[in-house]
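An overview of the molecular structure
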Amino acid sequence: MKRNKLPLTTSRRRRRLVLGAAAVVLGLGCLVLGRWPAWESQRAEREFGSAEAAIARGDLKQALRIVEDLASYHDFAPHRHYLRGLCYLREQRLSDALDELQYSRFHPQLEAKSFVASGHALYEMGKADQAVQMWTKTLAIDPDVIDAHRWLAVYYYDVGATADARQYLRRVAELDPADGRPDRLMGLMSFDAQNFDEAIEYYRESLRRDPQPSDRESVLAELAESETKLHHYDEALEVLKQCQPSVIQKVLTAECYFNQGDVQLAIRFVDEALRDAPNDIDVLELKGRCLLHEGQVETATKVFEKAVGVKPKDYIVRLQLAQTYHRLGRTEEAKQHSEIGRGFREMWNRFADLHEQAVRKPSDAAIRFEMGKLAMELDRPDLAKEWFRATMYLDSGHAQAAALFNQLSSRGAASPAN
């Protein structure tokens, strides 16, 4: 039988009934198919992206509001777990973050992201071996996940395995040509290894990629110091002109002028630095050298004595003091400080040798522990903490490293400028 057609114009009530029935059918269809209509999914995707952006800028309240809004999107339950996990991670609720992220790992769009974030939480908890497994799994899923490369670079840098760190940093640089941070860190590694030519190349590439990084002043200072170490004083001065006035900028400028023979100009800059930082070891050492150059041995002696008082285990100022005592005829004192200075120099040479071994043996916890103990002897609690932490990353059951790390942490170990 032929059905009668609906009239062209229906009542408002009937339109509501028809539309309501259609909505029910549509909703049931979506549930059966396991997804919402495309336009709804697109809206949910936009909301999800907005929440990620809010978390990145630290606006967790906004992110959590969006998480609640996503509750009506059935397909986005894993997304909500992922977003909550990121929020907990930002709040250092690390166990809670891991609990949430385990529910988003099995979503194909969130799997890699969830592994990266889980690795981050585990790393913060001191479970470096498990964190590395997470990031390695991420790259097995997708070898171009840039954050996994970043975190693996951080891990290998933290344990002193610089060759492995470089491998991941180079990949980050390839994946993100506008990111200056990989080259900046490779420059720092080269600087620490006293490969200053290489450091200069990395620093300049870092600034080319990102001319205004958040740590621009530090990058410029390290670049200038690298140029100075190679006696490129004109190049160093050009870099220093780009720096904001600071103690390091003034002392490096003074160093350049001193080595170019303009001692009076060097003294002007070093005196400015001394007014800003009267106990800075680098400023005091350079001031003493300027005074010696001017023949003011007695005054230079007092400056070096002050420097030794500030930093008794700095072998450079010890040996400088020994030389000034020798010039004043104070032979016994010169001999005493010379012996002490040579002893500290030998300890630093031993530290450098251990560092080279650590680079060659990226999984050797014993070497890192020895470096930590030696750093303590050299009155560098900041370095000691780093190497004890590296020891625990490689050997989570290393009780001695944990005890010494906690001891230094309770003292509030500082990071000296030198």
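Residues numbered from 1 in each chain as written. Predicted model: local features only at pLDDT ≥ 70, side-chain atom pairs only at ≥ 80, totals over all residues. Heavy atoms only, no water.

The next thing to look at is the overall build of the protein. Across its full length, the protein carries 22 helices and zero strands. Burial statistics for the protein: of 418 residues in total, 45% are counted as buried. At a minimum sequence separation of 6, the contacts of the protein that also span at least 24 residues come to 50%. For the protein, the accessible surface area stands at approximately 22700 Å², while carbon and sulfur atoms represent 50% of it. (Helix = DSSP H or I, 4+ residues; strand = E, 2+ residues; numbered from the N terminus. Buried < 20%, exposed > 50% of the residue type's maximum accessible area, 1.4 Å probe, protein only. Contact = heavy atoms within 4.5 Å. Areas by Shrake-Rupley, 256 points an atom, 1.4 Å probe, with all protein chains shown as cover.)

Membership of the largest hydrophobic core comes to 106 residues, with the highest contact counts inside it found for Leu-83, Tyr-123, Trp-135, Tyr-155, Tyr-156 and Phe-388. Those residues in contact with Tyr-123, other than ones at most four positions away along the chain, are Ala-128, Ala-131, Trp-135, Trp-151, Val-154, Tyr-155, Asp-158 and Tyr-393. With 14 residues, the next largest nonpolar core counts Leu-284, Leu-291, Phe-304 and Tyr-325 among its residues. (Core = buried A, V, L, I, M, F, W, Y, C linked by side-chain atoms within 4.5 Å.)

A low pLDDT score tells you not to read the predicted coordinates there in detail. Taken residue by residue, the protein gives an average pLDDT of 90. The fraction at 70 or more is 89%. Between residues 1-36, whose pLDDT stays under 50, and residues either more than four places distant or in other chains, the model counts 14 contacts. (pLDDT = per-residue confidence, 0-100.)

Of the voids in this model, the second largest pocket is the one considered here, and its volume is about 430 Å³. Considering the residues around the second largest pocket, the lining is formed by 16 residues, among which Leu-86, Leu-89, Ala-117, His-120 and Asp-147 are closest to the centre. Listing elements by their share of the lining of the second largest pocket, those giving two or more residues are α2 (38-56), α4 (77-90), α6 (111-124) and α8 (146-158). Broken down by element, the residue count for the lining of the second largest pocket peaks at five residues, all from α6. Tallied by class, the residues present in the lining of the second largest pocket amount to ten nonpolar, two polar and four charged. (1 Å grid on protein atoms, 1.4 Å probe; cavity = no way out; pocket = protein on both sides within 12 Å on 5 of 7 lines; lining within 4 Å. Points joined across faces, edges and corners; volume = space filled by probe spheres on them. Nonpolar A, V, L, I, M, F, W, Y, C, P; charged D, E, K, R; others polar.)

Before going further, it helps to examine the packing of aromatic side chains. Under the definition given, this model contains 13 aromatic pairs. Seen in terms of ring centroids, Tyr-156 and Tyr-168 are 5.8 Å apart; in terms of plane orientation they differ by 5 degrees. Their pairing is stacked. Separated by twelve residues along the polypeptide, Tyr-156 in helix α8 and Tyr-168 in helix α9 (residues 162-175) bring together distant segments of the chain. Exposure class is identical for Tyr-156 and Tyr-168. Each is buried. When the centroid spacing of 5.6 Å and the interplanar angle of 75 degrees are considered together, the rings of Phe-191 and Phe-196 count as edge-to-face. Residue classification places Phe-191 among the buried positions, given a relative accessible area of 16%. By way of ring pairs, the aromatic residues Tyr-123, Trp-135, Trp-151, Tyr-155, Tyr-156, Tyr-168 and Tyr-393 are connected into one cluster. (Phe/Tyr/Trp six-rings, centres within 6.5 Å; stacked < 30°, edge-to-face > 60°.)

Here helix α16 (residues 281-293) is 13 residues long and its end C-alpha atoms lie 19 Å apart, about the 18 Å a rise of 1.5 Å per residue gives. Within α16, eleven of the 13 residues are buried, leaving the element largely enclosed by the surrounding structure. Of the positions making up α16, those classed as buried are Ile-281, Val-283, Leu-284, Glu-285, Leu-286, Lys-287, Gly-288, Arg-289, Cys-290, Leu-291 and Leu-292. In the core, the buried residues of α16 are packed alongside α14 (247-259), α15 (263-276), α17 (297-310) and α18 (315-327). With a side-chain oxygen positioned 3.0 Å from the backbone nitrogen of Asp-282, the residue opening α16 is Asp-280. (Expected span 1.5 Å × (residues − 1). Polar contact = N/O pair within 3.5 Å; in protein donor to acceptor, adjacent residues only side chain to side chain.)

Turning our eyes to something else, we now look at the environment of Arg-43. Inspection of the secondary structure assignment puts Arg-43 in helix α2. Between the C-alpha atoms of Arg-43 and Tyr-73, which are 30 residues apart in sequence, the distance is 9.9 Å.

Packing of α15 against α16 brings their axes to within 10 Å, and their N-to-C directions diverge by 145 degrees. Once α15 is placed against α16, the crossing between them reads as left-handed. Contact residues: α15 offers Val-263, Ala-266, Ile-267, Val-270, Asp-271, Ala-273 and Leu-274, while α16 offers Val-283, Leu-284, Leu-286, Lys-287, Cys-290 and His-293. Each residue belonging to the contact of α15 with α16 can be placed in one class, and the counts come to ten nonpolar, one polar and two charged. (Axes fitted to C-alpha atoms, helices over the stretch in contact; angles between N-to-C directions. Left-handed = near helix turned anticlockwise from the far one by under 90°.)

The topology assignment puts Thr-301 in helix α17. Look past the residues within four positions of Thr-301 in its chain and what remains in contact with it is Leu-321, Thr-324, Tyr-325, Leu-328 and Arg-330.

Phi is positive for Gln-194, which is not a glycine, with a value near 60 degrees. When you line up the elements, Gln-194 lands in the loop between α10 (181-192) and α11 (196-209). With relative accessibility at 59%, the residue Gln-194 sits in the exposed group. Backbone geometry at Asp-379 places phi at a positive 60 degrees, although glycine is not the residue there. If you trace the backbone, Asp-379 turns up in the loop between α20 (365-377) and α21 (381-394).

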